[in-house]
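Report on the structure
Listed below are the residues making up each chain.
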Amino acid sequence: MTRETERFPAREFQRDLLDWFARERRDLPWRKDRDPYKVWVSEVMLQQTRVETVIPYFEQFIDRFPTLEALADADEDEVLKAWEGLGYYSRVRHLHAAVKEVKTRYGGKVPDDPDEFSRLKGVGPYTVGAVLSLAYGVPEPAVDGNVMRVLSRLFLVTDDIAKPSTKKRFEQIVREIMAYENPGAFNEALIELGALVCTPRRPSCLLCPVQVYCQAFAEGVAEELPVKTKKTAVKQVPLAVAVLADDEGRILIRKRDSTGLLANLWEFPSCETDGADGKEKLEQMVGGQYGLQVELTEPIVSFEHAFSHLVWQLTVFPGRLVHGGPVEEPYRLAPEDELKAYAFPVSHQRVWREYKEWAGGVRRPD
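Keep in mind that what you see is a predicted model, and the values were worked out from it rather than measured.

In this fold, Leu 80 is placed in helix H5 (residues 76-83). In this structure the C-alpha to C-alpha distance between Leu 80 and Leu 265, which are 185 residues apart in sequence, comes to 7.3 Å. Setting aside chain neighbours within four positions, we find Leu 80 in contact with Tyr 89, Val 92, Arg 93, Ala 263, Asn 264, Leu 265 and Ala 343.

Spelled out as structure tokens, the structure:
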């Protein structure tokens, strides 16, 4: 037992937390069914994404891939398209790979053993705890940002939550205060408390169902916790992007590499400029590397798109694909009305919207 929980009234805490959760829990689509596959999909979607954003995506995804076998058998382009707009695409690529393994190795049944489940692609400690506790009642901790915030205030933990050792400490605390007769509800209740009451800024301490147990509230320092080191400055990457139409109105697109950022998604041709003339670099890249002759106009818009570790500064150049050699992979010429069938990252979805607004739906670059 840790020093934090040595004298902690765990049973009373469980009772008050679970009573509150029974009254106040949100009606969310993934809570209607404890199918391990659906729980798994929801938990992957909820990583780094707000609940309100996830709801329609979850419903559409499950409608398209209602079973684990349906997802395992799907083509990757179809899966990426269904995920389009959620971001962090490595999540769904890992999920896709993992369900394929579950189909072949476990006969389509999500393993209920923590060691076996954790060996699947993209499955970390949080996913193990969330999926197995909710779907199978396995008493594993599910410690995410919400839970770390709740526990740091509840037990007055001032360790940096950005450190892996702190998360391990919280996982141990959860094991010691968990309601073992209902671990799924306990994990959900902690997460829900962090989402609705014990919020990052201006927590609703006076409405908290477990306020009496909270050391940070007693000390008047709830808003100062948790402690987290600031991220280092993100890298700024200037990009020139070309939207090129040929004489038949088809648009030149390309598929990104199969590894790295936004792997296997489609985009409009782009290149880093590093202070150089973006128009000239695009013409050199598309023309020089692939033998395609292009004519670009002046840029129509510039905007930023932020990732967790870098910021793209995109400048969009409309243009015309004049002639040249045959279009080969990773490039493709796609009719405008077929572009919606391709999975584009959010930044390039905006590129297309800006282009269409500029073109007025009819106008073509001179």
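More follows now that the structure is in view.
Looking now at the domain arrangement of the chain. Looking at the chain, the domain boundaries give domain 1 (8-222) and domain 2 (233-358). Spacing between the C-alpha centres of domain 1 and domain 2 amounts to 37 Å. At the interface, nine residues of domain 1 touch 16 residues of domain 2. Buried surface at the junction of domain 1 and domain 2, summed over both partners, amounts to about 880 Å²; 49% is from carbon and sulfur atoms. The tally of links from domain 1 across to domain 2 stands at one salt bridge. When the shortest N-O distance is used, the salt bridge between Asp 77 and Lys 255 registers 3.1 Å. Here domain 1 and domain 2 share six residue pairs in polar contact (both at pLDDT 80 or more) between them. By residue number, the principal contributor to the side of domain 1 that touches domain 2 is H5, which donates four residues. Partitioning the side of domain 1 that touches domain 2 into residue classes produces three nonpolar, one polar and five charged.

Per the stated rule, a full pass over the model turns up 26 salt bridges. Where Asp 159 meets Arg 169, a salt bridge forms, and the shortest distance between an N and an O atom there is 2.3 Å. Separated by 10 residues along the polypeptide, Asp 159 in the loop between helix H9 (145-154) and helix H10 (164-177) and Arg 169 in helix H10 bring together distant segments of the chain. Overall, the relative accessible area of 18% leaves Arg 169 in the buried class. Glu 354 serves as the salt-bridge partner of Arg 350, at 3.2 Å between the closest nitrogen and oxygen. Separated by four residues within a single helix, Arg 350 and Glu 354 lie in helix H14 (residues 346-359), roughly one turn from each other.

Turning our attention to H10. With 14 residues, H10 extends 20 Å between its outermost C-alpha atoms, agreeing within 8% with the 20 Å of an ideal straight helix rising 1.5 Å per residue. Looking only at H10, the buried set comprises Thr 166, Arg 169, Phe 170, Glu 171, Ile 173, Val 174 and Ile 177. Turning to H10, the residues buried within the fold contact helix H1 (10-24), helix H8 (125-136), H9 and helix H11 (183-196).

If you look at the biggest cluster of nonpolar residues, it comprises 66 residues, and the most contacted ones within it are Trp 40, Met 45, Phe 61, Phe 117, Ile 253 and Phe 268. In this structure, this core is formed jointly by two domains, domain 1 (8-222) and domain 2 (233-358), each of which donates at least three residues. Non-local contacts of Ile 253, meaning those with residues more than four positions away in its chain, are made with Trp 266, Glu 267, Phe 268, Pro 330, Tyr 331, Arg 332, Ala 334, Leu 339, Tyr 342 and Phe 344. Counting 41 residues, the second-largest nonpolar core is a separate cluster that includes Ala 130, Ile 161, Ala 189 and Cys 205.

Applying the stated rule across the entire model yields 15 aromatic pairs. Summarising the aromatic geometry, the rings of Trp 352 and Tyr 355 are spaced 5.3 Å apart at their centres and angled 25° between planes, so their arrangement reads as stacked. Note that Trp 352 and Tyr 355 are positioned in helix H14 at a spacing of three residues, about one turn of the helix. There is no split in this pair, since Trp 352 and Tyr 355 are both buried. Ring pairing ties together the aromatic residues Phe 8, Phe 13, Phe 155, Phe 186 and Tyr 213, which thus form one cluster. Above the plane of the ring of Phe 303 lies Arg 350, whose end atom (NZ or CZ) is 4.1 Å from the centre.

Calculation criteria
- Residues numbered from 1 in each chain as written.
- Predicted model: local features only at pLDDT ≥ 70, side-chain atom pairs only at ≥ 80, totals over all residues.
- Heavy atoms only, no water.
- Helix = DSSP H or I, 4+ residues; strand = E, 2+ residues; numbered from the N terminus.
- Contact = heavy atoms within 4.5 Å.
- Domains from an automatic or database assignment.
- Buried area = accessible area lost by both parts, 1.4 Å probe.
- Salt bridge = Lys/Arg side-chain N within 4 Å of Asp/Glu carboxyl O.
- Polar contact = N/O pair within 3.5 Å; in protein donor to acceptor, adjacent residues only side chain to side chain.
- Nonpolar A, V, L, I, M, F, W, Y, C, P; charged D, E, K, R; others polar.
- Buried < 20%, exposed > 50% of the residue type's maximum accessible area, 1.4 Å probe, protein only.
- Expected span 1.5 Å × (residues − 1).
- Core = buried A, V, L, I, M, F, W, Y, C linked by side-chain atoms within 4.5 Å.
- Phe/Tyr/Trp six-rings, centres within 6.5 Å; stacked < 30°, edge-to-face > 60°.
- Lys NZ or Arg CZ within 6 Å of the ring centre and 35° of its normal.

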